[in-house]
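Structural overview for review
Residues per chain, in single letters:
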Amino acid sequence: MKLKAAQIKQFVTLAVVAVLLIVLVPIFTVMNNKEGESKSLKYSSTATDPYAVIAAGLTGANVPEAKFDGILMLATVTAVDALAQNYKVHFDVAPHGTFATPIKDTDPIQRLAVPVSLTIASIVKTFPANQLMQPFDQTISFADGTINKYPFDKYSSVFEISSTVIGNSTVAPLAIAFSGGVQGFSNNIKINDLQPALPFAIFELEIVRSWTTLFFSMFVVVLLWIISLIMFAVSVTLWLRGRKVDPPTIVVCGALLYALPSFRNSQPGVPNIGAAIDVAGFFWNMILVAAAMCILMSSFLFAQTSTGPKPAKPASPPQADATISTKESSATIIEIPSSNSTNPVRL
């Protein structure tokens, strides 16, 4: 059976779309998973790998990198609030080496041997001796950045972490593993190049939108422009050509006017209306669709008022069903003379 040209075009279009979906969907999924993975940074005031200390504690291995006397910290960025201009970091802390005393000789859980204070972004946390060091969350403010530039907004933060022994102000060595992988954001963590002998560590954190957020946000912006331009072009075409405007066309335009804000708010992490991305798109999209709505309604109302009600047709006179023809009969008059009368007799 020979395929028609239209059928061949449909088949080719479906094949191209299927290939793109088969190729792009797995690639985008893998890239998104890598984007969500935590990016880690290690710091230690001694020649100690924090992850090696953790691994040695779990496996019981005795390696030189795991020998550490001080406070072990695992810091993870768990949330970013661009509107409030801050982010949240979860800290898991534990003493190690001479700073720890086990609850039992066979118990891996460690208590503090000496009281210690931790200073994180100018906020002090104290931990008494002979107590477990409980994990905690710390909210840190951004030093720079504005959400008005969404989705191209960028934020930075600088903070320091230090630890001292309460009572004699002796510096407690720190081994810190800092990581972060918040969905929708890409974190870049780095530490200033300072001498390990300094009593504190200065961390720098830069947060930007992830590529998935950028891609979807730009997709929504382009989609809104296409929809609003098409709707405006349809209304102007009907108006200039004097075409009839049907009520369903007005309904579609009105529904679109209410749907645009929902499309706009579907962008991940989008701020309230008024950001730079709204000035570049959403405001003008609403204006175009509103203008199209006014044109369609004006054309519809003008068509109704200009034509007016149709005049009634005059009644046609009734027509006879049949024509009756009459035929006059002719009579012949014969006069017969009568003997008894002078008037003749007519037959």
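This report concerns the structure included in the present document. (Residues numbered from 1 in each chain as written. Predicted model: local features only at pLDDT ≥ 70, side-chain atom pairs only at ≥ 80, totals over all residues. Heavy atoms only, no water.)

So, on to the overall build of the chain. For the chain, the helix and strand inventory stands at five helices and 15 strands. When contacts within the chain are restricted to residue pairs at least 6 apart in sequence, those whose partners lie at least 24 apart make up 62%. Looking at the chain as shown, the accessible area adds up to about 22200 Å², and 63% of this sits on carbon and sulfur atoms. (Helix = DSSP H or I, 4+ residues; strand = E, 2+ residues; numbered from the N terminus. Contact = heavy atoms within 4.5 Å. Areas by Shrake-Rupley, 256 points an atom, 1.4 Å probe, with all protein chains shown as cover.)

Here D153 shows up in the loop between β8 (136-141) and β9 (154-165). Within the local environment of D153, its side chain forms a polar contact with the side chain of Y155, the two groups lying 2.6 Å apart. Apart from the residues lying within four places of it in its own chain, the contact partners of D153 are T146, I147, I207, V208 and R209. (Polar contact = N/O pair within 3.5 Å; in protein donor to acceptor, adjacent residues only side chain to side chain.)

Moving on, we come to unusual backbone geometry. In this model, Y150 is joined to P151 through a cis peptide bond whose omega is 0°. The topology assignment puts P151 in the loop between β8 and β9. A positive phi angle is found at Q85, which is not glycine, with a value near 60°. Residue classification places Q85 among the partly exposed residues on the basis of a relative accessible area of 24%. (Buried < 20%, exposed > 50% of the residue type's maximum accessible area, 1.4 Å probe, protein only.)

This paragraph deals with the environment of L288. Tracing the backbone through its elements, the reader meets L288 in helix α5 (residues 276-307). Spatially, the C-alpha atoms of L288 and L229 are 6.9 Å apart, while their sequence positions differ by 59 residues. Contacts of L288, omitting those with residues within four sequence positions, involve W225, S228, L229 and F232.

A word on the packing of aromatic side chains. For any pair of aromatic rings, the description rests on two quantities: the centre-to-centre distance and the angle between the ring planes. In total, this model carries nine aromatic pairs according to the counting rule given. Between F91 and F136, the ring centres sit 5.3 Å apart and the planes meet at 20°, which makes this aromatic pair stacked. Of the two residues, F91 sits in strand β3 (residues 86-96) while F136 sits in strand β8, which places them 45 residues apart along the sequence. For the pair shown, F91 and F136 are each scored as buried. Here the aromatic cluster, defined as three or more aromatic residues joined through ring pairs, consists of Y87, F142 and Y155. (Phe/Tyr/Trp six-rings, centres within 6.5 Å; stacked < 30°, edge-to-face > 60°.)

Here the focus is the pattern of salt bridges. Tallied over the entire structure, the rule returns two salt bridges. A salt bridge links D153 to R209; its shortest N-O distance comes to 2.9 Å. Of the two residues, D153 is situated in the loop between β8 and β9 and R209 in strand β13 (residues 200-209); the sequence distance between them amounts to 56 residues. Comparing D153 with R209 shows no difference in burial state: the two are buried. With a shortest N-O distance of 2.7 Å, D278 and R264 are connected by a salt bridge. Here R264 lies in helix α4 (residues 247-265) and D278 lies in helix α5, a separation of 14 residues in the sequence. On the basis of relative accessible area, D278 is assigned to the buried category, the value being 1%. (Salt bridge = Lys/Arg side-chain N within 4 Å of Asp/Glu carboxyl O.)

This part is about the packing of helix α3 (residues 211-240) against α4. Helix packing geometry: the angle between the two helix axes and the distance between the axes. One can describe the packing of α3 onto α4 by two numbers: an axis separation of 11 Å at closest approach and a directional angle of 160°. For the element pair α3 / α4, the angle class is roughly antiparallel. Handedness of the crossing formed by α3 with α4: left-handed. Note on element contacts: α4 touches α3 through T249, C253, L256, L260, F263 and R264, opposite V220, L224, I227, M231 and L238. Split by residue class, the contact of α3 with α4 holds nine nonpolar, one polar and one charged. (Axes fitted to C-alpha atoms, helices over the stretch in contact; angles between N-to-C directions. Parallel < 35°, antiparallel > 145°, perpendicular 65-115°, else oblique. Left-handed = near helix turned anticlockwise from the far one by under 90°. Nonpolar A, V, L, I, M, F, W, Y, C, P; charged D, E, K, R; others polar.)

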